[in-house]
Amino acid sequence: MKKKVLAVGMAVAVLAGCAASPRDMLIKAYEKNTNMSSAQIDGTITISASVEEASLEIPIDLTLIFDTHEEKEKTDDETYVKADLSLFGNSFTQQMWVKDGMIYTDDGTHKTKQAYSADPESAPEIDPDKFVDSMFESLESAKISKDGDERVLTLTLNKENVLSLLNDLLNQNKQLEDSVEVIDLFKEIDTEALTFHDIEIRVGKDDYINKVSLGADINIEGTAGVLNAEFTIKDRNSAVIPAYDPAEFADETVVDDLENEIGSTDTELNVSGEEDQSEAYGDDYTVNIWFDDGAEYWIRSPEDQDAFCYFDEDEQQLYFFTEEDLLASGIFLNRDSLRDYLGKMAQDEENYTLHDITVISDGITRTRGCAKKDTEILKAGTPYAGIVYDDRAYGFLMVGYGSEEDFIKLTDAIDFDYQH
């Protein structure tokens, strides 16, 4: 599958050949790239936009490595993708490995894995002759020049024919039929507001494509945007996928901030004060939450502080409150991801203060601190606490809505492993 996906990418990038026999050149490049057992593709994408005097530029660096292990059988194919994004002075990195029917994702904070299923027979099959012929129909012109050992193809697109080309691709590949809305989106764009840059393809003397550069300008209702992209192919038949340890990745998809919740929990509690014989253990100060793996979490708020607790099953949030005020709230996160995140916060002295790290019970560690300034998940002055259970898959991350002093007093008194 990976070879076919790469071949489609290369063919779309090439669009057409030129020189003495441009059609033959394109078919040969298609066949050469299809038969690679492994390769690394490094890409740089820059998205720029400007509205009146405001401007924004988003650079994205991509790395794609595939390895088929020189086998026709696709079950042992491996793929690695890395994306580096810079936005508003912050950098974000995400890595992904696809192997043995699993996708492993590391976003720098959380490591998760999920099953991946794809029918190898459903991968797009491209007829080289038909595809090349359709490519030429989308061109205004094709020029060739020499630069050392490389032949440089410069292709000028006919933008009115690009949508027709995309329609042809959809009709040829059943796997892509569900993406017809993409075509509808392009149809709504005024072609006068859209300008494609020339596509430049550098082809080596071995007929492999070394580099592809392309871009486009768009101007809609006073908003000007520019997209530039460049892709370099290297390490053909010798690319190596970075090592990783599958054991470090959690089985469930986890959140990376306080606005997302894990949706796999059930709850059994009684916070209304009304008698419920099926939940005779419950009261306004105690909640019992359990996950699909059977792990239970009994948590009790401090009755002497008149602090009640309530777990909202719909929002997947646990709240602590008095009759007058909301004191704190929190969610359950993957234990290992939470431990890693708390460690980063503890070391980030620029953005957070660390109050304490305490073993509050056998196998349970509590980390508390406060945000010094606005961060990606907390506003300045917000106190936080993370509860890590060594023997359970999930930990608990909570924030306070009052002073740090009140939050410390509250979390000192909460029993995070209440023995019912």
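Structure's up top.
What counts and what doesn't
- Residues numbered from 1 in each chain as written.
- Predicted model: local features only at pLDDT ≥ 70, side-chain atom pairs only at ≥ 80, totals over all residues.
- Heavy atoms only, no water.
- Helix = DSSP H or I, 4+ residues; strand = E, 2+ residues; numbered from the N terminus.
- Buried < 20%, exposed > 50% of the residue type's maximum accessible area, 1.4 Å probe, protein only.
- Salt bridge = Lys/Arg side-chain N within 4 Å of Asp/Glu carboxyl O.
- Phe/Tyr/Trp six-rings, centres within 6.5 Å; stacked < 30°, edge-to-face > 60°.
- Pairing = 2+ DSSP bridges.
- Contact = heavy atoms within 4.5 Å.
- Polar contact = N/O pair within 3.5 Å; in protein donor to acceptor, adjacent residues only side chain to side chain.
- Patch = residues over 30% accessible without salt bridge, like charges linked within 9 Å, V, L, I, M, F, W, Y side chains within 5 Å.
- Areas by Shrake-Rupley, 256 points an atom, 1.4 Å probe, with all protein chains shown as cover.
- Lys, Arg positive; Asp, Glu negative; His and termini not counted.
- Charge placed at Lys NZ, Arg CZ, Asp CG, Glu CD.
- Core = buried A, V, L, I, M, F, W, Y, C linked by side-chain atoms within 4.5 Å.

Participant: Honestly, unusual backbone geometry in this entry has me stumped. Any pointers?
Facilitator: Glycine aside, negative phi is the norm for most residues, and most peptide bonds take the trans geometry. If you check the backbone angles, D235 has positive phi at about 50° while not being a glycine. When you line up the elements, D235 lands in the loop between β12 (223–234) and β13 (265–268). In this model, D306 sits at a positive phi of 55°, which is unusual for a non-glycine residue. According to the relative accessible area criterion, D306 is partly exposed, its value standing at 48%.

Participant: Help me understand the pattern of salt bridges in this model?
Facilitator: Where charged atoms of side chains with opposite charge meet at close range, the side chains can pair. Taken as a whole, this structure holds 16 salt bridges when the rule is applied. D42 is paired through a salt bridge with K234; the nearest N and O atoms lie 3.2 Å apart. Of this pair, D42 sits in strand β1 (residues 38–51) while K234 is found in strand β12, placing the two residues 192 residues apart along the sequence. When the shortest N-O distance is used, the salt bridge between D336 and R335 registers 3.1 Å. Salt bridges sharing partners connect three or more residues here, namely D147, E150, E200 and R202.

Participant: Please explain the packing of aromatic side chains as it appears in this structure.
Facilitator: Evaluated as defined, the whole model comprises 13 aromatic pairs. Centroid distance F308 to F321: 5.8 Å. Interplanar angle 45°. Geometry classified as tilted. Taken together, the residues F308 in strand β16 (residues 308–312) and F321 in strand β17 (residues 317–321) connect sequence positions 13 residues apart. Residue class for F308 comes out buried when judged on its relative accessible area of 14%. Taking the relative accessible area as the measure of exposure, F321 reaches 27% and is therefore partly exposed. Taken together, the ring pairs connect Y80, W97, Y104, Y244 and F249 into an aromatic cluster.

Participant: What should I look at first to understand the pairing of strand β14 (residues 286–291) in this one?
Facilitator: Each regular strand displays side chains that alternate between the two surfaces of the sheet. Most of β14 is tucked away, with 5 of its 6 residues classed as buried. Pairing of β14 with strand β15 (residues 296–300), which is carried by 5 bridges, proceeds in the antiparallel orientation. Following the sheet pairing, V287 is matched in β15 by I299. Hairpin connection between β14 and β15: a loop of 4 residues separates the two successive antiparallel strands, and G294 in this loop has a positive phi of roughly 95°.

Participant: Could you clarify how one ought to interpret the environment of K372 in this entry?
Facilitator: Here K372 lies in the loop between β20 (364–371) and β21 (383–389). On the accessibility criterion, K372 (44% relative accessible area) is partly exposed. Distance in space between the C-alpha atoms of K372 and Y352 is 5.1 Å, their sequence separation being 20 residues. Non-local contacts of K372, meaning those with residues more than four positions away in its chain, are made with E349, E350, N351, Y352, T353 and A380. A distance of 2.5 Å separates a polar atom in the side chain of K372 from the backbone oxygen of E349.

Participant: Where do I start with the side chain of R151 in this structure?
Facilitator: Inspection of the secondary structure assignment puts R151 in strand β8 (residues 150–157). Since its relative accessible area comes to 18%, R151 is described here as buried. Reaching out from R151, the side chain makes a polar contact with the backbone oxygen of G204 at a distance of 3.1 Å. For R151, the residues in contact, after removing those within four places along its chain, are M25, I144, S145, K146, I201, R202, V203, G204 and D207.

Participant: Sorry if this is basic, but what is going on with a negative patch on the surface here?
Facilitator: A cluster of acidic residues, D304, D306, E323, E324 and D325, forms a negative patch on the protein surface. Relative to the helices and strands, D304 resides in the loop between β15 and β16.

Participant: Hey, could you run me through the environment of G43 in this one?
Facilitator: Mapping G43 onto the fold places it in strand β1. In the structure, G43 is positioned 40 residues away from A83 in sequence and 9.4 Å away in space, judged by C-alpha atoms.

Participant: Looking at this model, I keep getting lost on the nonpolar core. Mind explaining?
Facilitator: For soluble globular proteins, the rule of thumb is that nonpolar side chains tend to be buried together. I299, L318, F320, F332, F396, M398 and F416 are the most contacted members of the largest nonpolar core, which totals 24 residues. Contributing elements (two or more residues each) for this core: β14, β15, β16, β17, β18 (326–334), β21, β22 (394–400) and α7 (404–413). Those residues in contact with F396, other than ones at most four positions away along the chain, are L318, F320, G330, I331, F332, L338, A385, G386, I387 and F416. Core analysis: the second largest hydrophobic core is formed by 18 residues, L139, I199, I201 and I233 among them.

Participant: Before we go on, may I ask you to explain the environment of G395 in this structure?
Facilitator: Along the chain, G395 falls in strand β22. G395 sits 58 residues away from S337 along the chain, and the two C-alpha atoms are 9.0 Å apart. Excluding residues that lie within four positions of it along the chain, G395 makes contacts with I331, F332, L333, N334, R335, L338, I387 and Y389.

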